[in-house]
Amino acid sequence: MVTIADVARAAGVSVATVSRVMNGSGSVAEPTVQVVQAAIERLNYIPNQQARNLRKNENRSILVLLPNITNIYYACVFDGINRRAQELGYNLFLCNTEGRDPQALIQETISSRRVDGAILLHISYNEDWLPRYARQLPIVQCCEYTGHGNVPHVTVDNYRAAFEATQYLIQLGHKRIGTISAANNNISTLQRMKGFRDAMAQAELPVPEGCVAYSDVDYSYPSSLKAARKILTQREPPSAVFCISDSVALATVVVAQEVGLQVPRDVSVIGFDDVMYTQMFHPYLTTVVQPCAELGSRAVDMLCGLITEGRLLEREVTLPHGFHIRESTCSAK
């Protein structure tokens, strides 16, 4: 097991200096701070003392940060978090980050010492601040994760899922296929778009600019309607649309009906997530299946390992996805 002495040796500094950098106490020159932090990340060091302190002063509480509780997908993931946390005897503090800075919330949480750890359901892939705070508070990323540092995460293979969904539409004979994504830098958004484009490229099918549209950052229903109208009201609308989420796909079905297109006869629609709304009205939605509750429960297990043992058995967990074929897709005319 890596010790603080190993970090000090790798960084060429004293153990006391490493301790001051980790605790944010004392005056340490910025170049030295960067060297120590690099050594900590390189060695995957998790301070044992932190784990011991947490065991002695446990709050039995976990902070959950999510962007929009009204989004049914996040609600389903949170349900898995809640059920597993109850089983393990942890209370939850739920914070909706919409319009708030998650970095400031994490910083405030560390200062207040009111929780033993945090689960993040939303973070942009290019955020670089999280590893710094993860050295002070056990943190697990669920669904989304940053490309910086080695903060643990649990997710699905968004690239493969999107590739397979698009490939299914191609196998149905569709050639003019559109997609509705989201205007954010989430890893899921980036991977799903790449999966869609790679499947189209493999089939040597073009992706016209008019066949690509974006909902807003949080996949809101009004922005999804607007994006669907952009695609479906052009002179030559696509015969199939791959949507980044079920809420976007349901909005696309609504717009199709508004403009006189029948789903799936005139336009096939695929969603992503398999939330309960997908079978509340016809046509039932063809969609990628995410194990939402399991994502949440696994995040709790990973976090509790950090809290109680100061260690992880798995740092990167990818759960299997599925695919449900229902009424919103059919062969191209």
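In this text the structure is predicted, and so the values were computed from the model without any measurement.

Cut-offs used in this document
Residues numbered from 1 in each chain as written. Predicted model: local features only at pLDDT ≥ 70, side-chain atom pairs only at ≥ 80, totals over all residues. Heavy atoms only, no water. Salt bridge = Lys/Arg side-chain N within 4 Å of Asp/Glu carboxyl O. Helix = DSSP H or I, 4+ residues; strand = E, 2+ residues; numbered from the N terminus. Buried < 20%, exposed > 50% of the residue type's maximum accessible area, 1.4 Å probe, protein only. Pairing = 2+ DSSP bridges. Axes fitted to C-alpha atoms, helices over the stretch in contact; angles between N-to-C directions. Contact = heavy atoms within 4.5 Å. Parallel < 35°, antiparallel > 145°, perpendicular 65-115°, else oblique. Left-handed = near helix turned anticlockwise from the far one by under 90°. Nonpolar A, V, L, I, M, F, W, Y, C, P; charged D, E, K, R; others polar. pLDDT = per-residue confidence, 0-100. Expected span 1.5 Å × (residues − 1). Arc of directions from axis to C-beta. Polar contact = N/O pair within 3.5 Å; in protein donor to acceptor, adjacent residues only side chain to side chain.

Q: Help me out: how do you make sense of the pattern of salt bridges in this one?
A: A side chain of one charge can pair with a side chain of the opposite charge when the charged atoms of the two come close. Under the defined criterion, the tally for this structure stands at 12 salt bridges. We note a salt bridge from aspartate 6 to arginine 9, for which the minimum N-O separation is 2.5 Å. With aspartate 6 and arginine 9 both in helix H1 (residues 4-11), this residue pair falls three residues apart, about one helical turn. Judged by relative accessible area, arginine 9 falls into the exposed class, the value being 59%. Note that arginine 84 is salt-bridged to glutamate 87, the shortest N-O span being 2.8 Å. Taken as a pair, arginine 84 and glutamate 87 lie in helix H5 (residues 72-88) at a separation of three residues, close to a single helical turn.

Q: Explain the sheet that holds strand S3 (residues 117-120) to me, please; I cannot follow it from the model alone.
A: By way of backbone hydrogen bonds, the strands of a sheet pair with one another, either parallel or antiparallel. Spatially, the six strands line up as an open sheet ordered S2-S1-S3-S4-S5-S11, and their pairing is parallel. Because the sheet does not close on itself, it has two edges, and the strands there are strand S2 (91-96) and strand S11 (316-319). With strand direction ignored, the average angle separating the axes of adjacent strands in the sheet is 20 degrees. In this sheet, S3 lies alongside strand S1 (residues 61-66) in parallel orientation, the contact comprising four bridges. If you follow leucine 63 over to S3, its bridge partner there is alanine 118. Seen against the sheet, helix H6 (residues 102-112) touches S1, S2, S3 and strand S4 (139-142) and runs at an angle of roughly 170 degrees to S1. Against the sheet, helix H12 (residues 292-309) engages S1, S3, S4, strand S5 (153-156) and S11, with an angle of about 165 degrees to S4.

Q: Looking at this structure, I do not really get the packing of H5 against H12. What am I missing?
A: Packed helices, taken two at a time, are described by their axes: the angle between them and the distance between them. Close contact between H5 and H12 brings their axes to 7 Å; oriented N to C, the two are set at 45 degrees. When the interaxial angle is binned, H5 and H12 end up oblique. As H5 runs across H12, the sense of the crossing is right-handed. Side by side, H5 and H12 meet where Tyr73, Cys76, Val77, Gly80, Ile81, Arg84, Ala85 and Leu88 of the first sit next to Cys292, Ala293, Leu295, Gly296, Ser297, Val300, Asp301 and Cys304 of the second. Residues that form the contact of H5 with H12 fall into these classes: 11 nonpolar, three polar and two charged.

Q: How do you make sense of the confidence of the model for the protein chain when you look at a structure like this?
A: The predicted coordinates of low-pLDDT regions are not to be read in fine detail. Taken as a whole, the protein chain shows an average pLDDT of 90; of its residues, 94% reach a score of 70 or greater. Segment residues 52-56: pLDDT under 50, and six contacts once partners within four positions in sequence are set aside and those in other chains are kept.

Q: Could you clarify how one ought to interpret helix H3 (residues 30-43) in this entry?
A: Owing to its 3.6 residues per turn, the α-helix brings residues three or four apart onto one side. With 14 residues, H3 extends 20 Å between its outermost C-alpha atoms, agreeing within 8% with the 20 Å of an ideal straight helix rising 1.5 Å per residue. Taken residue by residue, H3 has Val33, Val36, Gln37, Ala39 and Ile40 as its buried positions. Down the axis of H3, the buried side of the element spans an arc of 160 degrees, and every buried residue falls inside it. Exposed positions of H3 whose direction lies more than 90 degrees from the buried face are Pro31 and Arg42. With its phi angle positive at about 55 degrees, asparagine 44 sits one or two positions after the end of H3.

Q: Looking at this structure, how should I read the environment of alanine 8?
A: Inspection of the secondary structure puts alanine 8 in helix H1. When its relative accessible area of 4% is taken as the criterion, alanine 8 is described as buried. Between the C-alpha atom of alanine 8 and that of isoleucine 110, which follows or precedes it by 102 residues, the distance is 24 Å.

Q: How do you make sense of the side chain of aspartate 116 when you look at a structure like this?
A: By the secondary structure assignment, aspartate 116 is in the loop between H6 and S3. Within the structure, aspartate 116 has its side chain in polar contact with the backbone nitrogen of arginine 60 (distance 2.6 Å).

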